[in-house]
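Reading the structure
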Amino acid sequence: MNYINRYRIKMSFACIVAMIAILSCTKELKQAINYVDPMIGTDGAGHTFPGATLPFGMVQLSPSNDFKAWDWCSGYHYSDSILKGFAHTHISGAGLAALGDILLMPTTGKVQLNAGTDENPDLGYRSRFTHNHEEASPGYYSVLLHDYDVNVELTTTKRVGAHRYTSAKGGLLNVIIDPTHHIMEKVMETEVEYLSETEMQGYKKSEGEGGERTVYFYAKFSKPFTNYGIAKNEELMTEAKRWRGENTKAYVQVSLLPEEALEVKVSLSFVSYQGAKANYDAEAAHESFDDIYARAVQEWNSQLDKIQVKGKSIADKRVFYTGIYHSSISPNLISDVDGKYWLEGKVYESEIPQYSNFSTWDTYRALNPLLSIVDQEKTAEFVNSLASRHADAGVGLPVWECMGHDNVCMIGYNAVSPMVDAVLKDIKGIDNEKVYQAVRAAAMSLKKHSPNYDKNGMEEYIQLGYVPAELNCAVSKTTEQNYYDWCISQLASKMNKTDDAALFAQRSVGYRNLYRADKKFLYSKYLTGEWREMDLSVWDDLIGNYVSGNMWGYSAYVPHDVNGLMSLMGGKKEFAEWLDVIFTDTTHIAGDTHVDISGFIGKYGHGDEPSQHMPYLYNYAGQPWKTQQYVRQVMSEFYQDTPDGLINNDDLGQMSAWFVFSAMGFYPVCPGDLKYIIGSPLFDEAVITLENGKQFIIKANNHPQENKYIQSVTLNGKPFTKTFITHEQIMQGGEIVFEMGSKPNKSYGASEQDMPVSKVRINEGVNVLPEITFKPFDRDDSEVFEGSRQIELVCNTPNAEIFYTLNGHTPNKQSNLYRDKISIAQASTLKAIAYADGLKPSFVYQRDYYAGRAFNELGEGYPKLMLENRPEKFGNPDGSMLFDQKIGTARFNDSRWTGFNGNDMVATIDFGKDITINNVSLGFLSNTGVWIFPPSAISIYVSDDNVNFKKVAAASLQYAQSKLEKPFLQRPEFSMKNNSTRYLKVIAENYGIIPSWHAASGHRGFMFIDEILIN
């Protein structure tokens, strides 16, 4: 019998187990689980994993590989044909890479403790596989390892991963235990210990997106070991039963008959060995693989049965039920059965289940509102877990919490939305006062700065209502935080905190200061009152203003004040026309987009969250047929039942939740306002079974798959003309029926009383403009001068007085009063402040001026800069930003740096004639947290013919690990000793292979260079 037939027999057995587990369930339950395909999203940029997990469980037991590129964030990518093994923690659909804890790998033949490589798996324990011999379903994964003729099956409880390895030939089966495996983490310490002839334990201590953390494991084997061993740095140690070190691995061998199976159960704890063992005893001590699998199927059936759909399209059902599946993976349990959990470096004990992996910046938009309908018990647990961060741990609400650590990789105090939404929906089991105290504290915190998107700007935001353009991504930070403030205002009103309700309502409309009437978009505004202009023909200029979205999406992102935005644009008609232009604008934009922007319809990008509400905005303008058109276009073009069926990373279920909502026919544009905006139902029928025992039924007559336009609606048998439905109406149960047609019914939803209203109401006479003096500034934006420089300061506040310093001190009214131009003849740091009667003083203006050559004496077109290696993603392709007299700041995304990905910078400057050079300097940035490393060496050459070059200056750059672990900017200067030359070549050598202490070890990083200064 060949291995393919054996695989089919094994899979048939697995299917029989599943059938037995669901015989007692309804036909719909059986259908639901069979429609789920965990492979959807594992190809392309979906970033999902195919392995076994339970709803919101601690364990995600899945095939895992080394991190190769961004598409391997989950540890698995469909394009692979090699597997390294099976690890117990993964993140579903994230845009960040992490985890991959405690990898096991069954092998046969000689024991190899080196993993080998994908290029040459025969050097280690990896194995080839094919998708023809791979199976994935909720709570189950199986694959045939071709190199070993071993079939692997995986299933889980909440805290325990169960493995079953069936060897075709029998004999000795090796199981490699590799605690050093990781997905983009730095592994600091590992331990393995044998406890008996069938038991072992160990841990992995690592640092990465989940902070500095430890994961403990306990493993129980179904057969005694024939042999075992521990390796230090992959060297076996004789008779060792326990070892601790940076690189500790182990193996066991068991003897099997042909087609006999070995079962291994591995429990986890992020607290202790005792916790791992207690988790095992509570969940798996007396359970076989088949028992665990049967319970997993039953639990997934229960989760999937909460919404049942009927329709002709099998593909749509597969996308829909897989969407529910992906929406039910995260957040993830982190507390042990005894209530202990790890958070920000400490162990706590809780009476409530504790969760982490809160990607709330993504999930507040659709996933959390979906769970607030179908899974209110879990919603309460998630909200209570978040509230405890403030009430119990005192660490504040997380921005993006991974495994109990807030890595602050995104922006804003986004956890506010799902917490407030749940309280406003009166979900039981939530302490409202704890929630309020947590969200209010988050809205006042000046901490939580993102390493990716600059300082949060809260000091300025609290005073102004908006984040200024001096900080990156200012529009995104403003609109997001305006919405969060509106949520807090709604909660304050519910709890009769009237002063706070008024305060946060006023803060929530600060975006109005960023609306440019001449452009009809939200632009970043400096503290000077000037706009940050953008070149809309290139992506580079846009990326600095918006996080994971674009100008078009974030200019529409005021979900709490849509009517206010429409008023700025002139009214509903003008707003609808504005949306029309966005959805039909196909003009080309050069360069690279942000990695998360994809799935375009015009300039609408569905591939990341900030824009995903936009198709529904037509309802607010009385043109819902356009919502119906574009919602259906998104569903049909950007969601498929294939491995590459997601247009971008699923973001822990948010992309999937958008489809689930939209396919049912409505969507929560503004979580917290208790309304769902009606779109275009995809299925003949959808039945939501509520936890209160009621059902809400959505029916769409006349073939909704083909006919996308709503003709009329009834709710509980009565005509229903509104284009939104309330949360209360859904929770009361009942039936909404849509009559569908092939052409728009433009009278449906066109009446004023039928449109949703979203408007912030603030006290009459409240000024949303800042009552603060504008910051003074130098209108001449060149920062490099030759000889001397005259600085002319201006202030956009009339009659303001300006005071300044040139000695680095912070200016005040006792500093130099600006009366006329300031003359400087050497490199200087200017600081200035403005005062005006009746207004707060301005923020301090700071500008560094550098002495250099302007080259005004050269002929037209000179100097010319030529690059051997083109920059990638950052900087102009021709390298012109290296020589534009604008100096890069300590922010890597300030749109001034030129980034070389793994390559050297070789820049040659042609002056057109011989010139004398005294000094050359250039700046470089180091920010290893985002893979930016300093150059390893810099050298300067001169030439008269651009062929023969002579080295005239050089420096070798070496830094200790402690220096590289913190961002820094340096600008070394090289003496040229009055060299005369026509050609100058500057070479900055890439750092090389990233060292072992870094999570990206083995890769080559970015090198960021800016401004070659010559004098």
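What comes next concerns the included structure. (Residues numbered from 1 in each chain as written. Predicted model: local features only at pLDDT ≥ 70, side-chain atom pairs only at ≥ 80, totals over all residues. Heavy atoms only, no water.)

Our next topic: the packing of helix α8 (residues 376–391) against helix α9 (residues 416–424). Geometrically, a packed helix pair is captured by the angle between its two axes and the distance between the axes. Contact geometry for α8 and α9: axes closest at 10 Å, N-to-C directions at 125 degrees. Relative to α9, the element α8 lies oblique. Like other packed secondary-structure pairs, α8 and α9 cross with a definite hand, here left-handed. Contact with α8, carried on its side by Thr 379, Val 383, Leu 386 and Ala 387, involves Pro 418, Met 419 and Ala 422 of α9 and no other residues of that element. Each residue belonging to the contact of α8 with α9 can be placed in one class, and the counts come to six nonpolar, one polar and no charged. (Axes fitted to C-alpha atoms, helices over the stretch in contact; angles between N-to-C directions. Helix = DSSP H or I, 4+ residues; strand = E, 2+ residues; numbered from the N terminus. Parallel < 35°, antiparallel > 145°, perpendicular 65-115°, else oblique. Left-handed = near helix turned anticlockwise from the far one by under 90°. Contact = heavy atoms within 4.5 Å. Nonpolar A, V, L, I, M, F, W, Y, C, P; charged D, E, K, R; others polar.)

With that out of the way, let us pick up the packing of helix α4 (residues 289–304) against helix α5 (residues 314–326). At a minimum axis distance of 10 Å, the contact between α4 and α5 shows a crossing angle of 110 degrees. Taken together, the axes of α4 and α5 lie roughly perpendicular to each other. As α4 runs across α5, the sense of the crossing is right-handed. Across from Trp 300, Gln 303 and Leu 304 in α4, the residues of α5 making contact are Tyr 321, Ile 324 and Tyr 325. Per-class residue counts for the contact of α4 with α5 are five nonpolar, one polar and no charged.

Strand order across the open sheet formed by three strands is β31-β32-β37, with antiparallel pairing between neighbours. Looking at the sheet topology across the chains shown, the edges are occupied by β31 (666–667) and β37 (724–726). In terms of strand pairing, β31 meets strand β32 (residues 675–678) through two bridges, oriented antiparallel. Paired with Tyr 667 across the two strands is Ile 677, which belongs to β32. (Pairing = 2+ DSSP bridges.)

To continue, consider the pattern of salt bridges. This model, assessed by the stated rule, comprises 58 salt bridges. Through salt bridges that share partners, Asp 66, Lys 68, Asp 80, Lys 84, Asp 118 and Arg 126 make up one connected network. (Salt bridge = Lys/Arg side-chain N within 4 Å of Asp/Glu carboxyl O.)

On the secondary structure map, Arg 164 appears in strand β10 (residues 160–167). A residue is classified by how much of its surface remains accessible, and Arg 164, at 5% relative accessible area, is buried. Within the structure, Arg 164 has its side chain in polar contact with the side chain of Asp 290 (distance 3.0 Å). (Buried < 20%, exposed > 50% of the residue type's maximum accessible area, 1.4 Å probe, protein only. Polar contact = N/O pair within 3.5 Å; in protein donor to acceptor, adjacent residues only side chain to side chain.)

Time to look at the sheet that holds strand β44 (residues 816–817). If you trace the five strands from one edge of the open sheet to the other, you get β40-β47-β46-β43-β44, paired in mixed fashion. Two strands in the sheet have a free side with no partner beyond their single neighbour: β40 (784–785) and β44.

Each neighbour pair has its own omega, and for Ser 330 with Pro 331 the value is 0 degrees, a cis peptide bond. In this fold, Pro 331 is placed in the loop between α5 and β21 (332–333). The backbone of Leu 99 shows a phi angle near 70 degrees, a positive value even though the residue is not glycine. Despite not being glycine, Met 184 has its phi angle at roughly 60 degrees, a positive value.

Let's shift gears to the packing of aromatic side chains. For the structure on display, the rule yields 51 aromatic pairs. A centroid spacing of 6.1 Å and a plane angle of 20 degrees characterise the contact between Tyr 618 and Tyr 630, whose relative ring orientation is stacked. In this pair, Tyr 618 is assigned in the loop between β30 (604–605) and α18 (624–638) and Tyr 630 in helix α18, connecting sequence segments twelve residues apart. We note that Tyr 618, like Tyr 630, is buried. Every member of this aromatic cluster is reached through a ring pair, and the members are Tyr 616, Tyr 639, Trp 658, Phe 659, Phe 661, Phe 666, Tyr 667 and Tyr 676. Taking NZ or CZ as reference, Arg 971 lies 5.6 Å from the ring centre of Tyr 850, over its face. Looking at Lys 985, its charged tip hangs above the ring of Phe 949, at a distance of 4.1 Å from the centre. (Phe/Tyr/Trp six-rings, centres within 6.5 Å; stacked < 30°, edge-to-face > 60°. Lys NZ or Arg CZ within 6 Å of the ring centre and 35° of its normal.)

Let's shift gears to the nonpolar core. In terms of nonpolar packing, the biggest core is built from 239 residues, with Phe 320 and Met 664 touching the most fellow members. Here this core takes nine residues from helix α12 (residues 474–494), the largest share from any one element. Grouped together as the second largest cluster of nonpolar side chains are 44 residues, Phe 933, Val 986, Ile 1009 and Ile 1014 included. (Core = buried A, V, L, I, M, F, W, Y, C linked by side-chain atoms within 4.5 Å.)

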